[in-house]
Amino acid sequence: NVFDYPKSKYCSYENDFILARYATLAIIMESGLNNMYDLMKTPTLSIGFWHPHPLRSRTTTHLPRRLYLANTKRDLNFLEHNLAVLDIATPQAHVFVLQDRYKAKPLDADFIRDAVKEVIQPSFETEMMREMMRDRAKNTDPFGLWGASDAYLPGCINRYYDEYLN
């Protein structure tokens, strides 16, 4: 079952902690709240980010939005994606504003579904793919953030983002 907690009458600071402690899986956007789930070791899908923010634990799986060039519609790979973020960063720390030359695609519902399955029904094969995707991210990351992270990219990422980490 899916519960839309933020829009419920139960949303409170106290219940935030209870929910983070006992949830089977949290699907959240990049925000301060994801830090609490990380500390509680609750499996988390961090969805929709397009800037590098992988400083998380092994309980976190990132589902990035794919950036593409607005003028040619060409998708950026992981390295280009990270370099584009350098290009569009504002002077304020951690503030990234998409400019006219880049656009972000919405996440595919099947991609989210498959990533959820990887997290709540892990298999040896999916765990190996997740490890491989994380290692590729670490080897392709110009910032070095993935090298300091235990977070994952989903093993199914190349099915949805063709050539993303190649």
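In case you missed it, the structure is sitting above this.
Residues numbered from 1 in each chain as written. Predicted model: local features only at pLDDT ≥ 70, side-chain atom pairs only at ≥ 80, totals over all residues. Heavy atoms only, no water.

**Concerning the pairing of strand E1 (residues 26-29)**
Taking every second residue as pointing to the same face, the buried face of E1 carries Ala26 and Ile28, while none of Ile27 and Met29 on the other face is buried. As paired strands, E1 and strand E2 (residues 44-47) are joined by four bridges and run parallel to one another. Note on E2: the bridge partner recorded for Ile28 is Ser46. (Buried < 20%, exposed > 50% of the residue type's maximum accessible area, 1.4 Å probe, protein only. Helix = DSSP H or I, 4+ residues; strand = E, 2+ residues; numbered from the N terminus. Pairing = 2+ DSSP bridges.)

**Here's the deal with the layout of surface pockets**
The space that makes up the largest pocket amounts to roughly 680 Å³. Around the largest pocket, the lining comprises 21 residues; the ones closest to its centre are Val2, Phe3, Leu25, Ala26 and Ile27. When residues of the lining of the largest pocket are traced back to their parent elements, those giving at least two are helix H1 (13-22), E1, helix H2 (33-39) and helix H4 (109-120). Here the lining of the largest pocket takes four residues from E1, the largest share from any one element. (1 Å grid on protein atoms, 1.4 Å probe; cavity = no way out; pocket = protein on both sides within 12 Å on 5 of 7 lines; lining within 4 Å. Points joined across faces, edges and corners; volume = space filled by probe spheres on them.)

**Notes on unusual backbone geometry**
Phi at Lys41 takes a positive value of approximately 60 degrees, unusual for a residue other than glycine. The residue Lys41 is located in the loop between H2 and E2 in this model. One non-glycine residue, Lys73, lies in the positive phi region at around 65 degrees. Its place among the elements puts Lys73 in the loop between strand E4 (67-69) and helix H3 (78-88).

**Structural notes on the pattern of salt bridges**
Enumeration according to the criterion identifies eight salt bridges in this entry. Residue Glu127 pairs with Arg130 through a salt bridge whose shortest N-O separation is 3.5 Å. Separated by three residues within a single helix, Glu127 and Arg130 lie in helix H5 (residues 124-140), roughly one turn from each other. A salt bridge links Arg134 to Glu131, with the shortest nitrogen-to-oxygen separation between them at 2.6 Å. Of this pair, Arg134 and Glu131 both sit in helix H5, three residues apart, roughly one helical turn. Given the relative accessible area of 3%, Arg134 is considered buried. Here Glu131 falls in the partly exposed class, since its relative accessible area comes to 25%. (Salt bridge = Lys/Arg side-chain N within 4 Å of Asp/Glu carboxyl O.)

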